[in-house]
Amino acid sequence: MTSTSARETQIVADPDVPLVRITREFDAPREKVFRAHTDPELVVQWQGPNGMEARVDHYDCRTGGSYRYVHVQDGQEYGFHGCFHEVRSPELIVQTFTFEGFPDGVALERLVLEELPGGRTRLTATSLVDSFEGRDAFLASGMDTGVREGYQRLDALLAG
Amino acid sequence: MAADALSRVFSALADPTRRDMVARLAVGDATVNELAAPYDVSLQAVSKHLRVLEDAGLVSRSRDAQRRPVHLEAQVFDLMTKWIERYRREAEQRYRRLDDVLAAMPDDVTPTRGQESPS
């Protein structure tokens, strides 16, 4: 990690609880960063994996609201949905997150935006799941097909 | 690494006692007795945990030495670190796209909720 500047994304996988914490700083005021997380037209422009088309089914980002979006790759659709548990402008979003390919799994996500001097913002995003296997699968979710298949087999193993 | 080998690594590391053993072996090799000392379980139970770690390729035991110390296969263990780094890079790419979105937004933006924006 020595080669990454303080501004770049930092990731911590907690050793004691199945949690991943991401921190990142932005050269933009908090209101803007918050808006980019709540306005679906902005959300589709940056969220989701590289090279995948994102389509928002609905995105009702307010306390008690819900969302669903679909990532499309090579004709395959991957759906995600969840509920907005607490949305407090411009500092906090607490939401659930489920990948529809594994509907029994759910992550509890917390996004905190802090104001920094000079009109900058620090983002802290934590994602808590109910098992270390789930957390580690989450960490590996961006890996190549071979690894994903490895997880599918592990899922089957754990379900059996 | 084959998918089923990977599954074994994950299953092996899913158990807190085995994760603890791996953490201690990261400091240095240890015998089964030494590994068992902090736990209120039988040597047999510890051996069983070790067998799971061994089957996953996470640890090895030398065949000839009398003490047969347990050795952590750091290469396999490093895989976890690599995944985390890969995940970090993906998050960084995502946030660079967010940088661009933020730069393109007008300055007088109010943090409206998505629901209220016309679409």
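Residues numbered from 1 in each chain as written. Chains lettered and ligands numbered in written order. Predicted model: local features only at pLDDT ≥ 70, side-chain atom pairs only at ≥ 80, totals over all residues.

Draft legend 1. Structural detail: the overall build of chain B. When its secondary structure is counted, chain B shows five helices and two strands. The order of α-helices and β-strands along chain B, N terminus first, is α-α-α-α-β-β-α. Within the span of chain B, comprising 119 residues, buried residues form 26% of the whole. Contacts spanning at least 24 positions in sequence make up 50% of the contacts within chain B whose residues lie at least 6 apart. (Helix = DSSP H or I, 4+ residues; strand = E, 2+ residues; numbered from the N terminus. Buried ≥ 20, exposed ≤ 12 C-beta atoms within 10 Å, placed from the backbone. Contact = placed C-beta atoms within 7 Å.)

Draft legend 2. The arrangement of the overall build of chain A in detail. On a plain count of helices and strands, chain A comes out with four helices and eight strands. Buried positions account for 30% of the 160 residues belonging to chain A. Contacts in chain A between residues at least 24 apart in sequence constitute 32% of all its contacts with a sequence separation of at least 6.

Draft legend 3. Expanded view of the confidence of the model for chain B. All names here are of chain B. Residues at a pLDDT of 70 or more form 75% of chain B, whose mean pLDDT is 78. Within the model, pLDDT remains below 50 along residues 114-119, and this stretch shows 15 contacts once partners closer than five positions in the same chain are excluded. Here the predicted complex carries an ipTM of 0.76, next to a pTM of 0.65. (pLDDT = per-residue confidence, 0-100.)

Draft legend 4. Molecular detail of the sheet that holds strand β6 (residues 92-99) of chain A. All names here are of chain A. Pairing within the open sheet is antiparallel, and its eight strands lie in the order β1-β2-β8-β7-β6-β5-β4-β3. Edge positions in the sheet fall to β1 (10-13) and β3 (53-59), since each has one partner strand and no second. The average angle at which neighbouring strand axes cross in this sheet is 20°, direction not considered. Against the sheet, helix α1 (residues 30-38) contacts β2 (19-26), β6, β7 (107-116) and β8 (120-128), and its axis sits at roughly 155° relative to β7. (Pairing = 2+ DSSP bridges. Axes fitted to C-alpha atoms, helices over the stretch in contact; angles between N-to-C directions.)

Draft legend 5. Structural view of α1 of chain A. The buried count for α1 of chain A comes to nine of nine residues, which makes it a mostly enclosed element. Taken together, the buried positions of α1 of chain A are occupied by R30, E31, K32, V33, F34, R35, A36, H37 and T38 of chain A.

Draft legend 6. Spotlight on the nonpolar core. Counting 26 residues, the largest nonpolar core has V33 and A36 of chain A together with L102 of chain B as its most contacted members. Elements with a minimum of two residues in this core: β2, α1, α2 (40-46), β4 (66-73), β5 (76-88) and β8 of chain A together with α5 (74-104) of chain B. Setting aside residues up to four positions removed in sequence, A36 of chain A forms contacts with L42 and W46 of chain A together with L98, V101 and L102 of chain B. Within the second largest apolar cluster, 15 residues are counted, among which are L35, A36, L50 and A56 of chain B. (Core = buried A, V, L, I, M, F, W, Y, C linked by C-beta atoms within 7 Å.)

Draft legend 7. Up close: the pairing of β3 of chain A. Residue and element names in this part refer to chain A. Strand direction decides the pairing type here: β3 and β4, joined by six bridges, are antiparallel. The residue bridging R55 from the neighbouring strand is V70, located in β4. Connecting β3 to the antiparallel partner β4 that follows it, the hairpin turn spans six residues, and G64 within it adopts a positive phi of roughly 90°.

Draft legend 8. Expanded view of helix α2 (residues 16-25) of chain B. Residues and elements named next belong to chain B. The set of residues buried in α2 consists of R18, M21 and L25. All buried residues of α2 fall inside an arc of 55° around its axis, so they share one side. Those residues of α2 that are exposed and angled more than 90 degrees off the buried face are P16 and A23. (Arc of directions from axis to C-beta.)

Draft legend 9. Spatial organisation of the packing of α2 of chain B against helix α4 (residues 43-55) of chain B. Residues and elements named next belong to chain B. For the pair α2 and α4, interaxial distance at closest approach is 10 Å and the crossing angle is 75°. Here α2 lies roughly perpendicular to α4, going by the angle between them. In this structure, α2 uses T17, R18, M21 and V22 to contact α4, whose residues at the interface are H49, V52 and L53. Residues that form the contact of α2 with α4 fall into these classes: four nonpolar, two polar and one charged. (Parallel < 35°, antiparallel > 145°, perpendicular 65-115°, else oblique. Nonpolar A, V, L, I, M, F, W, Y, C, P; charged D, E, K, R; others polar.)

Draft legend 10. Expanded view of the environment of R122 of chain A. Residue and element names in this part refer to chain A. Secondary-structure assignment places R122 in strand β8. Owing to 15 C-beta atoms within 10 Å, R122 belongs among the partly exposed residues under this scheme. In sequence terms R122 and R7 are 115 residues apart; their C-alpha atoms lie 9.3 Å from each other.

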